[in-house]
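Observations on the three-dimensional arrangement
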Amino acid sequence: MEHTIATDPKEIKYIKRRCRKAFREKICFYLCRIFPVKRNLISICTFEGKGGFGCNAKPLVKKLHEMNPEYEFVWFVNDMNKEFPDYIKKVPNTLWSRAYWLSRSKVWIDNYRKPFGTCKRKGQYYLNVNHYTIGIKCTGLLRGKGFSEMAYLVSKNDSDMIDDLVIDSDWCEQTFDKALVYEGTYLKTGAPRCDVLYGDRTKYKDIFHKRHNLPDKAKVVMFAPTFREGAKNGVRSVYSEIWSIDFKRLIKDLETKFGGEWYVCIRVHPQLAPTFSEYKNPEIQNRLIDESQADDMYEILAGMDAYITDYSSACFEAGYAHIPVFIYADDIQKYAKDRGALMWNIASDPRHNVENNKSFTPGFDVKFPFPVASDNEQLEEDIMEFNQDEYDERLDLFHEKMGLVFNGDASEKLAETIANKQMK
């Protein structure tokens, strides 16, 4: 797919300024080539430095350290207060820090895009462990006019350096080829962060319950809404992001349907996390658990009994473990319009019979596996009508049609790949 070409004079001026800056930053990388590449040095970054010890990089790095304690790791962070294991050296995510450490590292691991101007040396290996796989939202070129020329240039610069991109399905292989400005090779191993979702999850449930002093028979639903662009400029607040859902009613419905004493684990977007603690609801305050600041969402997700989101791709990953998933999206029409389009026809198809958007995925004929509610009444209906056996059958068929790879060993496979590349 073709990218949007800038025509607005202000945007063109901005692009030229960014290109000049990128050229200057590239010089820093060339200057740092006076330092030799260190064969056992691996550099990691997540979410452009905003992430900590989490996402796909965490289990992969843990496996690499387990495999060979001689590996050295540097992790770029914007916040030097982030906590890491003692075998990882955290370094500031600044230009000269990146230029020095990336130039010296044999292996790069990232779940996002490298800053415009980043320059890789011959013989280095860049593994991109993308932060999403199967998704609801359109990304990259699939966003049409929502994907600017500047975004294209940044993506192209990064994609040209990537040696392998991690995916988990046939779906990703076909959609990423269109969306990510990427023409390289894929490693269809599954996502490392999902290894904890495979098999028996009792360990993670016990850890979560003990950390929050929950009763032994307590059950927990995670509510994880996606980020709204308007919030970047303060137009929206954390409350407008999540507040049309009625938590008191939700808890009552879950207890009526599934029994037990239910709690809500809230995971808002990291950019909104600092303000969520301001919210107070005396009626159910002791049933709300804020995990928005945690670096690793997936060890928490592994301990959940249900999952609710609007457009987060984690709904599919919760589905890998057959955790009950409910979609609560109160702004579907607006969101679809803002994004340009969605990968699934949730804005047009009947809410219990949503198909894939064949304009983006013509090679698939798949039903969206989760019920889609746009208000509290519909969410209550979906919870009350939930049937685990039917849900399991629906997910098994969905995973088969998507060509999903989910074996719980993605970290091990990728660690072995890196070990082989590191020796060359």
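Not measured: the values here are computed from a predicted model. (Residues numbered from 1 in each chain as written. Predicted model: local features only at pLDDT ≥ 70, side-chain atom pairs only at ≥ 80, totals over all residues. Heavy atoms only, no water.)

1. Details of the sheet that holds strand 6 (residues 164-167)
What counts here: Strands are treated as partners if at least two bridges between them are detected by DSSP. Strands are runs of DSSP state E lasting at least two residues, helices are runs of H or I lasting at least four, and both sets are numbered from the N terminus onward. For helices, the fitted axis covers only the stretch in contact; all axes are lines through C-alpha atoms, and the angles between them, taken along N-to-C directions, range from 0 to 180 degrees.
Spatial strand order, 3-2-1-4-5-6-7: seven strands in an open sheet with parallel pairing. Each having just a single partner strand, strand 3 (88-92) and strand 7 (185-188) make up the two edges of the open sheet. Neighbour-to-neighbour, the strand axes of the sheet open up by a mean angle of 25°, direction not taken into account. Relative to strand 4 (residues 105-110), strand 1 (residues 38-45) is paired through five bridges, and the arrangement is parallel.

2. Concerning a nonpolar patch on the surface
Where we set the bar: Think of a patch as exposed residues, more than 30% relative accessible area, with no salt bridge, where like charges cluster within 9 Å and nonpolar side chains (Val, Leu, Ile, Met, Phe, Trp, Tyr) cluster within 5 Å. All accessible areas in this document rest on Shrake-Rupley with a 1.4 Å probe, and a residue is counted as covered only by the protein chains that are shown. The rule for a salt bridge is simple: a side-chain nitrogen of Lys or Arg has to be within 4 Å of a carboxyl oxygen of Asp or Glu.
A cluster of nonpolar residues, Phe23, Ile27, Leu31 and Trp96, forms a patch on the protein surface that exposes about 450 Å² of accessible area. No other element matches the three residues that helix 1 (residues 9-31) contributes to the nonpolar patch. Within the element layout of this structure, phenylalanine 23 appears in helix 1.

3. As for the confidence of the model for the protein chain
Note the cut-off: The predictor reports its confidence for every residue as pLDDT, a score running from 0 up to 100. In what follows, a contact means two residues having at least one pair of non-hydrogen atoms within 4.5 Å.
When pLDDT is averaged along the protein chain, the result is 91; 92% of the residues meet or exceed 70. For the stretch residues 230-242, pLDDT sits under 50, and the model shows 26 contacts to residues farther than four places along the chain or on other chains.

4. Things to note about a negative patch on the surface
What counts, and what does not: Here the positive residues are Lys and Arg and the negative ones are Asp and Glu; neither His nor the chain ends is included. Every charge is mapped onto a representative atom, which is NZ of Lys, CZ of Arg, CG of Asp or CD of Glu.
A cluster of acidic residues, Asp389, Glu390, Glu393, Asp396 and Glu400, forms a negative patch on the protein surface. With respect to the helices and strands, the residue glutamate 390 is situated in helix 14 (residues 388-402).

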